[in-house]
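Examination of the molecular architecture
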Amino acid sequence: ENGKYTFTSEIYNILGIKVEDYSDDVDIVAEHIIPEDRWIWSNGWNLSQKTPESQVTYRLINANEELIYLKVHNKAIYDENGELIRVIALLQDVTHEILTKQEAIDLQ
(Lines give C-alpha, C1' and ligand atoms only; values in the text may rest on other atoms or scores of the structure.)
Protein backbone atom coordinates (compact mmCIF):
# COMPACT_ATOMS: atom_id res chain seq x y z
CA GLU A 1 0.00 0.00 0.00
CA ASN A 2 1.41 3.40 -1.03
CA GLY A 3 4.64 1.76 -2.15
CA LYS A 4 5.15 0.08 1.24
CA TYR A 5 5.14 -3.63 1.98
CA THR A 6 4.03 -5.33 5.15
CA PHE A 7 4.55 -8.99 5.86
CA THR A 8 3.58 -11.27 8.70
CA SER A 9 6.34 -12.85 10.75
CA GLU A 10 5.77 -16.15 8.94
CA ILE A 11 7.40 -15.03 5.68
CA TYR A 12 10.47 -13.90 7.64
CA ASN A 13 10.53 -17.35 9.26
CA ILE A 14 10.15 -19.09 5.88
CA LEU A 15 12.98 -17.04 4.37
CA GLY A 16 15.14 -17.21 7.49
CA ILE A 17 15.65 -13.43 7.57
CA LYS A 18 15.14 -10.67 10.13
CA VAL A 19 12.58 -7.86 9.87
CA GLU A 20 15.23 -5.22 10.51
CA ASP A 21 17.34 -6.43 7.56
CA TYR A 22 14.90 -4.86 5.05
CA SER A 23 13.11 -1.53 4.80
CA ASP A 24 9.37 -1.45 4.18
CA ASP A 25 9.83 -0.33 0.57
CA VAL A 26 11.41 -3.69 -0.37
CA ASP A 27 9.37 -6.67 -1.54
CA ILE A 28 11.32 -9.35 0.31
CA VAL A 29 9.67 -12.13 -1.67
CA ALA A 30 10.86 -10.59 -4.95
CA GLU A 31 14.36 -10.32 -3.47
CA HIS A 32 14.54 -14.10 -2.89
CA ILE A 33 12.80 -15.52 -5.96
CA ILE A 34 14.92 -17.62 -8.29
CA PRO A 35 15.43 -15.98 -11.70
CA GLU A 36 13.78 -18.81 -13.67
CA ASP A 37 10.52 -18.26 -11.78
CA ARG A 38 10.43 -14.46 -12.04
CA TRP A 39 7.92 -14.69 -14.93
CA ILE A 40 5.54 -16.76 -12.76
CA TRP A 41 5.83 -14.15 -10.00
CA SER A 42 5.15 -11.36 -12.53
CA ASN A 43 2.08 -13.17 -13.89
CA GLY A 44 0.73 -13.41 -10.36
CA TRP A 45 0.64 -9.61 -10.23
CA ASN A 46 -1.39 -9.25 -13.47
CA LEU A 47 -4.49 -8.12 -11.61
CA SER A 48 -7.34 -5.96 -12.83
CA GLN A 49 -10.93 -5.23 -11.93
CA LYS A 50 -11.96 -8.04 -14.28
CA THR A 51 -9.48 -10.49 -12.76
CA PRO A 52 -8.74 -9.20 -9.26
CA GLU A 53 -7.30 -12.50 -8.01
CA SER A 54 -4.54 -14.87 -9.02
CA GLN A 55 -2.85 -17.94 -7.61
CA VAL A 56 0.69 -19.01 -8.47
CA THR A 57 3.47 -21.19 -7.08
CA TYR A 58 7.12 -20.30 -7.48
CA ARG A 59 10.50 -21.04 -5.94
CA LEU A 60 12.63 -18.97 -3.60
CA ILE A 61 16.03 -19.37 -2.01
CA ASN A 62 16.05 -18.74 1.74
CA ALA A 63 18.89 -17.32 3.84
CA ASN A 64 20.33 -20.85 4.26
CA GLU A 65 20.37 -21.22 0.47
CA GLU A 66 17.63 -23.86 0.59
CA LEU A 67 14.98 -24.12 -2.11
CA ILE A 68 11.49 -23.12 -0.96
CA TYR A 69 8.23 -23.51 -2.89
CA LEU A 70 5.77 -20.72 -2.14
CA LYS A 71 2.09 -20.82 -3.12
CA VAL A 72 0.66 -17.30 -3.37
CA HIS A 73 -2.90 -16.06 -3.68
CA ASN A 74 -3.01 -12.35 -4.64
CA LYS A 75 -6.16 -10.25 -4.36
CA ALA A 76 -6.47 -6.64 -5.55
CA ILE A 77 -8.74 -4.24 -3.64
CA TYR A 78 -10.21 -1.31 -5.58
CA ASP A 79 -12.04 1.81 -4.41
CA GLU A 80 -15.42 2.96 -5.75
CA ASN A 81 -13.65 4.80 -8.61
CA GLY A 82 -11.87 1.66 -9.74
CA GLU A 83 -8.49 2.77 -8.41
CA LEU A 84 -6.25 0.15 -6.89
CA ILE A 85 -6.02 0.63 -3.12
CA ARG A 86 -3.89 -2.37 -2.16
CA VAL A 87 -3.02 -5.94 -2.96
CA ILE A 88 -3.33 -8.60 -0.31
CA ALA A 89 -1.19 -11.69 -0.78
CA LEU A 90 -1.62 -14.92 1.15
CA LEU A 91 1.62 -16.89 1.17
CA GLN A 92 2.02 -20.58 2.02
CA ASP A 93 5.19 -22.66 2.12
CA VAL A 94 4.31 -25.80 0.13
CA THR A 95 7.87 -27.15 -0.15
CA HIS A 96 7.21 -30.39 1.74
CA GLU A 97 4.03 -31.10 -0.26
CA ILE A 98 5.69 -30.55 -3.65
CA LEU A 99 8.85 -32.51 -2.81
CA THR A 100 6.76 -35.40 -1.47
CA LYS A 101 4.72 -35.50 -4.71
CA GLN A 102 7.89 -35.39 -6.80
CA GLU A 103 9.42 -38.23 -4.79
CA ALA A 104 6.24 -40.33 -5.23
CA ILE A 105 6.36 -39.79 -9.00
CA ASP A 106 10.04 -40.76 -9.07
CA LEU A 107 9.28 -43.95 -7.15
CA GLN A 108 6.65 -45.00 -9.70
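Everything that follows concerns the structure shown earlier in this document.
My aim in this report is to walk through the structure given alongside it, one point at a time. (Residues numbered from 1 in each chain as written. Predicted model: local features only at pLDDT ≥ 70, side-chain atom pairs only at ≥ 80, totals over all residues. Heavy atoms only, no water.)

1. Describing the overall build of the protein chain
Along the protein chain, the regular secondary structure elements total four helices and three strands. Starting at the N terminus and ending at the C terminus, the protein chain contains elements arranged as α-α-α-β-β-β-α. Along the first, second and third principal axes, the C-alpha set of the protein chain runs to 55 × 35 × 20 Å. Here the protein chain holds 108 residues, and 30% of them are scored as buried. Taking all contacts inside the protein chain whose residues are at least 6 apart in sequence as the whole, residues at least 24 apart take part in 34%. For the protein chain, the exposed surface amounts to about 7500 Å²; the carbon and sulfur share of it is 48%. Within the protein chain, one finds 9 positive and 20 negative side-chain charges whose respective centroids are separated by 5 Å. (Helix = DSSP H or I, 4+ residues; strand = E, 2+ residues; numbered from the N terminus. Buried < 20%, exposed > 50% of the residue type's maximum accessible area, 1.4 Å probe, protein only. Contact = heavy atoms within 4.5 Å. Areas by Shrake-Rupley, 256 points an atom, 1.4 Å probe, with all protein chains shown as cover. Lys, Arg positive; Asp, Glu negative; His and termini not counted. Charge placed at Lys NZ, Arg CZ, Asp CG, Glu CD.)

2. A few points about the pairing of strand E1 (residues 53–61)
Of the two faces of E1, the one holding Ser54, Val56, Tyr58 and Leu60 is buried and the one holding Glu53, Gln55, Thr57, Arg59 and Ile61 is not buried anywhere. Pairing geometry for E1 and strand E2 (residues 67–78), over nine bridges, is antiparallel. Its bridge partner lying in E2, Gln55 is registered against His73. The hairpin formed by E1 and E2 contains five residues between the paired strands, and Glu65 there has a positive phi angle of roughly 60°. (Pairing = 2+ DSSP bridges.)

3. Description of the sheet that holds E2
The strands making up a sheet associate through backbone hydrogen bonding, with each pair oriented either parallel or antiparallel. Here three strands make up an open sheet; going across it, the order is E1-E2-E3 and the pairing antiparallel. The open sheet has two edge strands, E1 and strand E3 (84–93), and neither has a second partner. Each strand axis lies, on average, 30° off the axis of its neighbour in the sheet, ignoring direction. Across the sheet, helix H4 (residues 95–107) touches E1, E2 and E3, and the angle it forms with E2 is around 125°. (Axes fitted to C-alpha atoms, helices over the stretch in contact; angles between N-to-C directions.)

4. Remarks on the side chain of Asp37
For Asp37, the location among the structural elements is in the loop between helix H2 (28–32) and helix H3 (38–44). A polar side-chain atom of Asp37 sits 2.8 Å from the main-chain amide nitrogen of Arg59. Apart from residues lying up to four places away in sequence, Asp37 is in contact with Tyr58 and Arg59. (Polar contact = N/O pair within 3.5 Å; in protein donor to acceptor, adjacent residues only side chain to side chain.)

5. So, the pattern of salt bridges
All chains considered together, the criterion is met by three salt bridges. Between Asp24 and Lys4 there is a salt bridge, and its shortest N-O distance comes to 3.6 Å. Pair noted here: Asp24 is in the loop between helix H1 (9–15) and H2 and Lys4 is in the segment before H1, with a separation of 20 residues, a long-range link. Across the pair Lys101 and Glu97 runs a salt bridge whose closest N-O atoms are separated by 3.3 Å. (Salt bridge = Lys/Arg side-chain N within 4 Å of Asp/Glu carboxyl O.)

Read these as geometric descriptors, not functional statements.
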